[in-house]
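# Geometric and topological summary
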Amino acid sequence: MWVYEKKLLYPVEVTTCNPMLAKYLMEQYGGADGELAAALRYMNQRYTVPDKVIGVLTDISTEEFSHLEMLATMIYKLTKDATPEQLEKAGLGAHFVNHGHSLFYENAGGVPFTATYIQSKGDPIADLYEDIAAEEKARATYQWLIDISDDPGVSDALRFLRERENIHSLRFRESVEILKEERDRKKIF
Amino acid sequence: MNQSQFRGTYRPYVSPRDPCPPILEKTFVLPPQLFTNFQKPGLPQNSPEEALKQGSLWPQFVDGFYREEGIS
Ligand SMILES: [Fe+2]
């Protein structure tokens, strides 16, 4: 069960009318290494991992949803008042034709989200290593978004989100270490 | 070959209302490479024949996997 708090994890300030930046942010919204992929990946893997690491997956998955909400807020603010002409100029003409001013789970190139972005192997080490890789890829994506963003408010939120990926990666690395401690347990009993 | 040093176990939550007979202890693989961050030189080696059979020149990195282990 989840409890929803009606506020953002971190305040999002958008200072420019910039639908082009919104298009780029969609990489973290509905892209392969984005927040939706992360949230869904961890939420699903948590059933078949050793009980000591279930909580890490639940907590991080939940946090990824709050990151997704921040991105949605940024994308919405950057596009809500843009004219069809402005959207077209920003490369969002096809998006507008299909979705109007609404958001959609797709990457910066307009490719819709697919479950094939994520995996669940049923092997705890394989799954945790995928999770570590996913966090590093998300961190890198935030770096390139920070490099291309010319909105100081958005950049600030992106820096916050990037640091969270560092911590998530560390937590998954710690989870691997916790499982390594289970080595050879059977022989002791 | 001693696989057990490359396996871990845990006891998942079991409900009195589980529909199938519950498996009380689950085993998972902790492959040998997890415990070697950087391979040291001069490790004991298999014979060429044994290396071909095992898939590794170094027995230290072989943990095997058999259906009889019952992991899945
Ligand atoms: Fe993350």
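In what follows, the structure referred to is the one given above.
Residues numbered from 1 in each chain as written. Chains lettered and ligands numbered in written order. Predicted model: local features only at pLDDT ≥ 70, side-chain atom pairs only at ≥ 80, totals over all residues. Heavy atoms only, no water.

## Describing the interface of chain B and chain A
We count it as follows: In this description, contact between two residues means that some pair of their heavy atoms is separated by no more than 4.5 Å. Defined here as a combined quantity, buried area equals the accessible surface (1.4 Å probe) lost by two parts on assembly, summed across both. Each reported salt bridge corresponds to a side-chain nitrogen of Lys or Arg within 4 Å of a carboxyl oxygen of Asp or Glu. Counting of polar contacts relies on pairs of N or O atoms within 3.5 Å, with two restrictions inside protein: one atom must be capable of donating a hydrogen and the other of accepting it, and residues adjacent in sequence are counted only when both atoms are side-chain atoms. Runs of E in the DSSP output that reach at least two residues are strands. Runs of H or I that reach at least four are helices, and both are numbered from the N terminus. Gly falls in the polar group here, along with every residue not listed as nonpolar (Ala, Val, Leu, Ile, Met, Phe, Trp, Tyr, Cys, Pro) or charged (Asp, Glu, Lys, Arg).
Each partner contributes residues to the interface: chain B has 17 residues there, and chain A has 17 residues. Interface area for chain B against chain A, summed over the two sides, is near 1,400 Å², with a carbon-plus-sulfur share of 58%. The three residues of chain B that bury the most area against chain A are B:Y10, B:F28 and B:L34, which together make up 35% of that side's buried surface. If you look at where chain B meets chain A, you find zero salt bridges. The interface formed by chain B and chain A includes two residue pairs in polar contact (both at pLDDT 80 or more). Listed by contribution, the elements that provide at least two residues to the side of chain B that touches chain A are β1 (7–10) and β2 (26–29) of chain B. The element best represented in the side of chain B that touches chain A is β1(B), accounting for four residues. Its residues placed into classes, the side of chain B that touches chain A shows eight nonpolar, six polar and three charged.

## Focus on the pairing of β1(B)
All names here are of chain B. Defined as follows: Categorising residues by exposure relies on relative accessible area from a 1.4 Å probe, with only protein chains included: less than 20% of the type maximum marks a residue as buried, more than 50% marks it as exposed, and the intermediate range marks it as partly exposed. A pair of strands is considered paired only if DSSP assigns at least 2 bridges between the two.
Residues of β1 alternate between two faces, with R7 and T9 on one and G8 and Y10 on the opposite face, all of them buried. With four bridges joining them, β1 and β2 adopt antiparallel strand pairing. Within β2, the residue paired with G8 across the bridge is F28.

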